[in-house]
Amino acid sequence: MKHIKCIAVEEGFSTPEVLAAHQDVLRNHPEREPGLYKLMANFDDTLWSGWAEKLTDLGAGRIAEMDKGGIDKQVLCLSAPGLQIFDPVQAMELSRNVNERLAMAMREHPDRFAGLAAVPPQCPREGAIELERAVRTLGLKGLLINSHTRNEYLDDPKFRPLFEALSSLNVPLYLHPREPSAQLLDAYIQYGLEGAIWGYAAEVALHSLRLILSGLFDDFPNLRVVIGHGGEGIPFFLGRIDNRYANSGHSAPGRRRLKMKPSDYFLRNFAISTSGMIDHAPLRLCIDMLGIDNVMFAVDYPFERIGPAVASMDSAPLSDEERTKFLYENAERIFNL
Ligand code: MN
């Protein structure tokens, strides 16, 4: 199959300042982030330092890997847990620095990089102002949040200013994983399941369903949420979610009467990417369940390798029209690239 233009929409990066601040929290306040502490303790040091080097490279080394693998453009996402573990003052300062660093990369390599703003949800009002600056002034393409923020989820009304800003700017929220929140963590730890092996997907699937069942999308019908890793399993479960929504949970304290079925919101308000998922069968299932307009290619660089991801997607059993939409047209439309 001839390789065509390819945009990868969930590609990790970080800054030396953010990585140093993560290390500082893990060293001095491990009790604040028990899940992150366990996750990092389970990584091989060499593997992690290799990732750290690639995460902080927004220049020649990264572009050489993109060229070699066949990626035309990366949409850059601040890697988990981003700014969500910091105190507000430090988080806002790092947020402005990260967004400016992204804008610089986009100015230096306009054909190769686009960035999603990193804003700390623990500062919803200041964060919304920074999101507006990042989109309107710096040209960033959306907002990246790494799931829970100190064990709180975005359906909490305190986070509304961020959704008001997303909605009025008409840019998407990319809801990326991190390890499960403290209230869920114990059951994951014994076998090291808290990371991308399972905990990441379970965490973001839960977070997405919380957003849907909270009625958020009745209040913000034009809001777009993007999730990675083949939709974190949700496309596979859509029928069962509707079925059991209709006949369970009636006395759940957060339940509110929705205007549509849960799957209707998923199909209307969500888009997904294939980050870290290279098998053809789940790709086909995702496209069949969601339609071809809301499924995008992603690698999950540097945690996954570009070569096998591109090769697998180039050989996927897709029509020419599907392939074009999947590999770049949907990304251009959804992120306004
Ligand atoms: Mn990822």
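What counts and how
Residues numbered from 1 in each chain as written. Predicted model: local features only at pLDDT ≥ 70, side-chain atom pairs only at ≥ 80, totals over all residues. Heavy atoms only, no water. Core = buried A, V, L, I, M, F, W, Y, C linked by side-chain atoms within 4.5 Å. Buried < 20%, exposed > 50% of the residue type's maximum accessible area, 1.4 Å probe, protein only. Helix = DSSP H or I, 4+ residues; strand = E, 2+ residues; numbered from the N terminus. Contact = heavy atoms within 4.5 Å. Pairing = 2+ DSSP bridges. Axes fitted to C-alpha atoms, helices over the stretch in contact; angles between N-to-C directions. Donors = N, O, S within 2.8 Å, 3.2 Å for Na, K, Ca; no water. Salt bridge = Lys/Arg side-chain N within 4 Å of Asp/Glu carboxyl O. Lys, Arg positive; Asp, Glu negative; His and termini not counted. Polar contact = N/O pair within 3.5 Å; in protein donor to acceptor, adjacent residues only side chain to side chain. Phe/Tyr/Trp six-rings, centres within 6.5 Å; stacked < 30°, edge-to-face > 60°.

(A) How the structure looks around the nonpolar core. Phe-163 and Phe-297 are the most contacted members of the largest nonpolar core, which totals 105 residues. Among the elements that make up this core, the one with the highest residue count is helix H5 (residues 88-108) (seven residues). Excluding its chain neighbours within four sequence positions, the residues that come into contact with Phe-297 are Cys-6, Ile-7, Ala-8, Val-9, Ile-71, Thr-274, Ala-309, Val-310, Met-313, Phe-326 and Leu-327.

(B) The arrangement of the sheet that holds strand E2 (residues 73-78) in detail. An order of E1-E2-E3 is seen for the three strands of this open sheet, with the pairing classed as parallel. Looking at the sheet topology across the chains shown, the edges are occupied by strand E1 (7-13) and strand E3 (113-115). Put simply, the sheet's adjacent strands are angled 35° from each other on average, direction ignored. When E1 meets E2, the two strands line up parallel, connected through five bridges. Considered in E2, the bridge of Ala-8 is made with Gln-74. Contacting E1, E2 and E3, H5 runs over the sheet at an angle of about 155° to E3.

(C) Summary view of the coordination of the manganese ion. Coordination of the manganese ion by the protein involves Glu-10 (OE), His-176 (NE2) and Asp-300 (OD), with metal-donor separations of 2.0 to 2.4 Å. Between consecutive donors of the manganese ion, the numbers of intervening residues give the motif E-x165-H-x123-D. Highlighted residues: His-176 in strand E6 (residues 173-176) and Asp-300 in the loop between strand E9 (295-296) and helix H14 (306-314), separated in sequence by 124 residues. Residue His-176 is classed as buried on the basis of its relative accessible area, which comes to 10%. The buried category is assigned to Asp-300, whose relative accessible area is 9%.

(D) Looking closely at the pattern of salt bridges. This model, assessed by the stated rule, comprises 19 salt bridges. Glu-152 is paired through a salt bridge with Lys-158; the nearest N and O atoms lie 2.7 Å apart. For Glu-152, a relative accessible area of 32% corresponds to the partly exposed category. Ionic contacts of the salt-bridge type, sharing partners, join the residues Glu-33, Arg-178 and Glu-179 into one network.

(E) Structural context of the side chain of Glu-10. Within the secondary structure layout, Glu-10 lies in strand E1. At 11 Å, Arg-62 is the nearest oppositely charged side chain to Glu-10, a buried residue that forms no salt bridge. A polar atom in the side chain of Glu-10 sits 2.7 Å from the side chain of Ser-275. Beyond its immediate chain neighbours, meaning those up to four positions away, Glu-10 contacts Val-75, Cys-77, Tyr-174, His-176, Gly-228, His-229, Ser-273, Ser-275, Ala-298, Asp-300 and Tyr-301.

(F) A look at the side chain of Asn-330. You can see Asn-330 is positioned in helix H15 (residues 320-334). Here the side chain of Asn-330 touches Ile-292 through a polar contact of 2.6 Å, landing on its backbone oxygen. For Asn-330, the contacting residues outside a window of four places in its chain are Ile-292, Asp-293, Asn-294, Val-295, Met-296 and Lys-325.

(G) Quick look at the packing of aromatic side chains. Scanning all chains against the criterion turns up 10 aromatic pairs. Both rings, one in Trp-51 and one in Phe-303, keep their centres 4.9 Å apart while their planes meet at 75°; by these two values the pair is edge-to-face. Of this pair, Trp-51 sits in helix H3 (residues 45-55) while Phe-303 sits in the loop between E9 and H14, placing them 252 residues apart in sequence. Residue classification places Trp-51 among the buried residues on the basis of a relative accessible area of 13%. Centroid distance Phe-297 to Phe-326: 6.1 Å. Interplanar angle 85°. Geometry classified as edge-to-face. Of this pair, Phe-297 sits in the loop between E9 and H14 while Phe-326 sits in helix H15; the two residues are 29 residues apart in sequence, bridging distant segments of the chain. As far as burial versus exposure is concerned, Phe-297 and Phe-326 are alike and both buried. An aromatic cluster is present here, built from Phe-43, Trp-48, Trp-51 and Phe-303 joined pairwise through their rings.

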